[in-house]
Amino acid sequence: MADSSFDIVSKVERQEVDNALNQAAKEISQRYDFKGVDASIQWSGEKIEMRANAEERVKAVLDIFQSKLVKRGISLKALDAGEPQASGKEYKISASLQEGITQENAKKVAKIIRDEGPKGVKAQVQGDELRVTSKSRDDLQAVQQLLRGKDLDFAIQFVNYR
């Protein structure tokens with residue numbers, strides 16, 4: 001019998017992020033507490049830029065955006081938001097999306113699988129993803145449960161389960 005496998009990846013669906021950003025922008029434009037504070041959120045190249053005329057307001061914009069991401073099923077671990085920075089009369093927060101598993105993080109996950117996972121499960125790094133193989137599908141599901149229970153500092157998804 002052939003080995004079963006799945007891949008561990010860290011990807012963000014750009015369209016879902018775009019939808020969350022548009023919803024956040026709409027809410028900011030309609031909310032009473034954001035009237036007259038020049039609050040905004042928009043794409044700036046590959047980064048997401050939030051602006052407002054006060055530090056608390058720009059943090060509130062970030063909070064709204066994060067709540068929209070969660071509602072759309074996107075892990076907040078994929079969002080790397082900086083600290084508010086004063087720029088003239090306004091404050092800005094620049095946020096980026098983290099995609100792909102770094103070599104260091106892939107090795108960390110492979111070590112968890114090797115140390116705590118079922119015997120006979122192999123994990124190998126392939127670029128910015130991790131391929132996990134085993135003869136038993138039950139063992140693969142046990143590995144997925146194990147990794148879901150771990151508090152990793154990056155978002156992971158399981159794809160290509162076969």
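Located above this text is the structure these notes cover.
Keep in mind the model is a prediction, meaning the values are calculated, not measured. Every chain's residues receive numbers from 1 upward, in the order its sequence appears when written. Only residues with pLDDT of at least 70 get local features here, since the model is predicted, and only at 80 or more are side-chain atom pairs given and counted; chain-wide, interface and lining totals rely on the full set of residues. The basis for every side-chain value is the complete set of heavy atoms in the structure, and neither hydrogens nor water enter the calculation.

As for the sheet that holds strand β8 (residues 129-134)
Convention followed: Whether two strands pair depends on DSSP finding at least two bridges between them. Helix numbers and strand numbers start at the N terminus; a helix is a DSSP run of H or I with at least 4 residues, a strand a run of E with at least 2. Under this scheme, a helix contributes an axis fitted over its contacting stretch, all axes are lines through C-alpha atoms, and angles between N-to-C directions fall in the 0 to 180 degree range. Any two residues having at least one pair of non-hydrogen atoms within 4.5 Å are treated as being in contact.
Taken in spatial order, the four strands make up an open sheet running β7-β8-β1-β9, and their pairing is antiparallel. The open sheet terminates on both sides in strands that have one partner only, identified here as β7 (122-126) and β9 (157-159). On average, each strand axis in the sheet is inclined to that of its neighbour by 30 degrees, with strand direction left out of account. One ladder, built from five bridges, connects strand β1 (residues 4-9) with β8; its direction is antiparallel. Considered in β8, the bridge of S4 is made with S134. Along the sheet, helix α3 (residues 103-116) contacts β1, β7 and β8; its crossing angle with β8, the most-contacted strand, is approximately 20 degrees. In the packing of helix α4 (residues 137-149) onto the sheet, the strands contacted are β1, β8 and β9, and the crossing angle to β1 comes to about 20 degrees.

Examining the nonpolar core
How we decide: Only buried residues count toward a nonpolar core. Its members are Ala, Val, Leu, Ile, Met, Phe, Trp, Tyr and Cys residues joined through side-chain atoms within 4.5 Å. Think of it in three bands: with a 1.4 Å probe and only protein chains considered, a residue is buried below 20% of the maximum accessible area for its type, exposed above 50%, and partly exposed in between.
Membership of the largest hydrophobic core comes to 26 residues, with the highest contact counts inside it found for F34, I41, I48, M50 and F65. Of all the elements in the fold, those that place two or more residues in this core are α1 (14-30), β3 (47-52), α2 (55-71) and β6 (90-97). Each residue touching I48, except ones within four places of it in the same chain, is listed here: V17, L21, I41, Q42, W43, F65, I93, S94 and A95. Residues A106, V109, A110 and L146 belong to the second largest nonpolar core, which totals 18 residues.

Interpretation in functional terms is not warranted from these geometric data alone.
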